[in-house]
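# Descriptive structure summary
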2 protein chains.
Amino acid sequence: MRYGIAVFPPKRIQDEANSYRKRYDPHYALIPPHITVKEPFEAEDSQIDNEIIPELKRIAKHSKPFKFNINKVSSFSPATNTIYLKVNPSEEIVSLNEKLHEGVLPDNKEYSFVPHITIAQKLSDEEFSDVYGRLQMLKFDLEEKIDRFQLLYQLENGTWSVYETFRFGE
Amino acid sequence: MRYGIAVFPPKRIQDEANSYRKRYDPHYALIPPHITVKEPFEAEDSQIDNEIIPELKRIAKHSKPFKFNINKVSSFSPATNTIYLKVNPSEEIVSLNEKLHEGVLPDNKEYSFVPHITIAQKLSDEEFSDVYGRLQMLKFDLEEKIDRFQLLYQLENGTWSVYETFRFGE
């Protein structure tokens, strides 16, 4: 099965992100707004239950809740036309991402980690210029706490279903 | 905020349900296929963190994983035109539903509990007769395990986001 690990930000940030995703993100209906902390990977059910979940529990137990800030919109252009709410990278989130690629956990890291919440993707070049031109002007002053991450698996229709929550310090 | 409690069945049952939901359920994109074990209720964040989550943990800790079977499609007609995969009611699931309405947990039970996975709703009377006529003929032989439930909250766009997972026996 195909699994992934994400942090779902608090409701007010999900609502803010959805106000853009609704128009600009074809994945809008597949998963709520999120910060991907481990890209999708394939794993057997037995591996998930016997190796991966125990390791995720250890990682969560040894992590402490931390704050994150969002101040602006950024983009992966020219690599892709993805536009996102930029999550200011903190030591804690970078460290969480690293731990999720070590030991028994598959090292499926393809790019350097840029914490973000996607709000637009798969736009044509023309749409991208137009939309990014406008969203780039936005300023945010959002500060929220991260105190958990979630292991999800993907259904046949492409949507993601949460399998388990891992709370920091537990 | 508006919260609800659901059990997400294993992937193969979610995929089966989605094959019908895609065509017949306008809530298809709002939440993956699920068994509602507590209908939506309003609660303050502080109440969730200080009272409700500790109680849900206690309930999960004192529950044991149990099996459930799906053998056929049924409907809430004539009350509503909802069509669902009928989850054979077991002592365990009925007891779980009861515990989720006791003590500090809001007693927001309006109907007697009929465990089910909705696959079609809000159909016109004509569509309903046609679709239910066909789906009623289906026979299933699905047996799966329930070993967790999830607390969700609803976003402004109507979709549901998982806040926390509660595993039985933990």
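Residues numbered from 1 in each chain as written. Chains lettered and ligands numbered in written order. Predicted model: local features only at pLDDT ≥ 70, side-chain atom pairs only at ≥ 80, totals over all residues. Heavy atoms only, no water.

The criterion, for reference: UniProt positions are given in the numbering used here, feature names are shortened, and annotations may be inferred rather than shown by experiment.
Under the annotation held in an unreviewed UniProt entry, chain A carries the name Putative phosphoesterase ACFQIC_13345 and is attributed to Halobacillus seohaensis. UniProt, in the comment section headed Sequence similarities (unreviewed entry), describes chain A in these words: "Belongs to the 2H phosphoesterase superfamily. YjcG family."

## Some points on helix H3 (residues 91-99) of chain A
Residue and element names in this part refer to chain A. The test is simple: Relative accessible area decides the class of each residue, using a 1.4 Å probe on protein chains only: under 20% of the type maximum gives buried, over 50% gives exposed, and in between gives partly exposed. Going along the chain from the N terminus, every DSSP run of H or I of four or more residues is numbered as a helix, and every run of E of two or more is numbered as a strand. Throughout, the arc means the angular range of directions from the helix axis out to the C-beta atoms. A contact between two residues is defined here by any heavy atoms of the two lying within 4.5 Å.
The set of residues buried in H3 consists of Ile93, Leu96 and Asn97. Buried residues of H3, seen end-on, are gathered within an arc of 95 degrees and therefore sit on one face of the element. Buried positions along H3 lie against strand S2 (35-42), helix H2 (45-61), strand S3 (66-75), strand S4 (83-87), strand S6 (139-146) and strand S7 (148-154).

## Some details on the relation of the copies chain A and chain B
As a reminder, the rule being used: Least squares is the method used to superpose the copies, on C-alpha atoms of residues holding a pLDDT of at least 70 in both.
With an RMSD of 0.0 Å, chain A superimposes on chain B once it is rotated by 180 degrees and translated 0.0 Å along the axis. Such a combination of rotation and displacement between the chain copies is what one expects of a two-fold axis. A high fraction, 100%, of the interface residues of chain A reappear at the interface in chain B, so the copies pair face to face through one surface.

## A closer look at the side chain of Thr165 of chain A
As a reminder, the rule being used: Two N or O atoms count as a polar contact when they lie within 3.5 Å, although within protein this holds only if one can serve as hydrogen donor and the other as acceptor, and sequence-adjacent residues are included solely when both atoms are side-chain atoms.
Tracing the backbone shows Thr165 of chain A in strand S8 (residues 160-167). Overall, the relative accessible area of 10% leaves Thr165 of chain A in the buried class. Separated by 3.2 Å, the side chains of Thr165 of chain A and Gln150 of chain A make a polar contact. Among the polar contacts made by the side chain of Thr165 of chain A, one reaches the side chain of Thr165 of chain B at a distance of 2.5 Å. In contact with Thr165 of chain A, not counting residues within four places along its chain, are Arg148, Phe149 and Gln150 of chain A together with Val162, Tyr163, Glu164 and Thr165 of chain B.

## Quick notes on the interface of chain A and chain B
Filter applied, for reference: For any pair of parts, buried area is found by adding up, for both, the accessible area (1.4 Å probe) each one loses once the two are put together. Throughout this description, the term salt bridge denotes a Lys or Arg side-chain nitrogen within 4 Å of a carboxyl oxygen of Asp or Glu. Residues were grouped as follows: Ala, Val, Leu, Ile, Met, Phe, Trp, Tyr, Cys and Pro as nonpolar; Asp, Glu, Lys and Arg as charged; and all remaining residues, including Gly, as polar.
Counting residues at the interface gives 30 residues for chain A, matched by 30 residues for chain B. Taking both partners together, chain A and chain B bury about 2,200 Å²; carbon and sulfur atoms supply 43% of that area. Taken together, the connections running from chain A to chain B amount to eight salt bridges. Residues Lys11 of chain A and Glu156 of chain B are paired through a salt bridge, measuring 2.4 Å at the closest nitrogen-oxygen approach. Looking at the side of chain A that touches chain B, the elements that each hand over two or more residues are helix H1 (11-24), H2, S7 and S8 of chain A. At seven residues, S8 of chain A tops the list of elements feeding residues into the side of chain A that touches chain B. For the side of chain A that touches chain B, the per-class residue count stands at 14 nonpolar, eight polar and eight charged.

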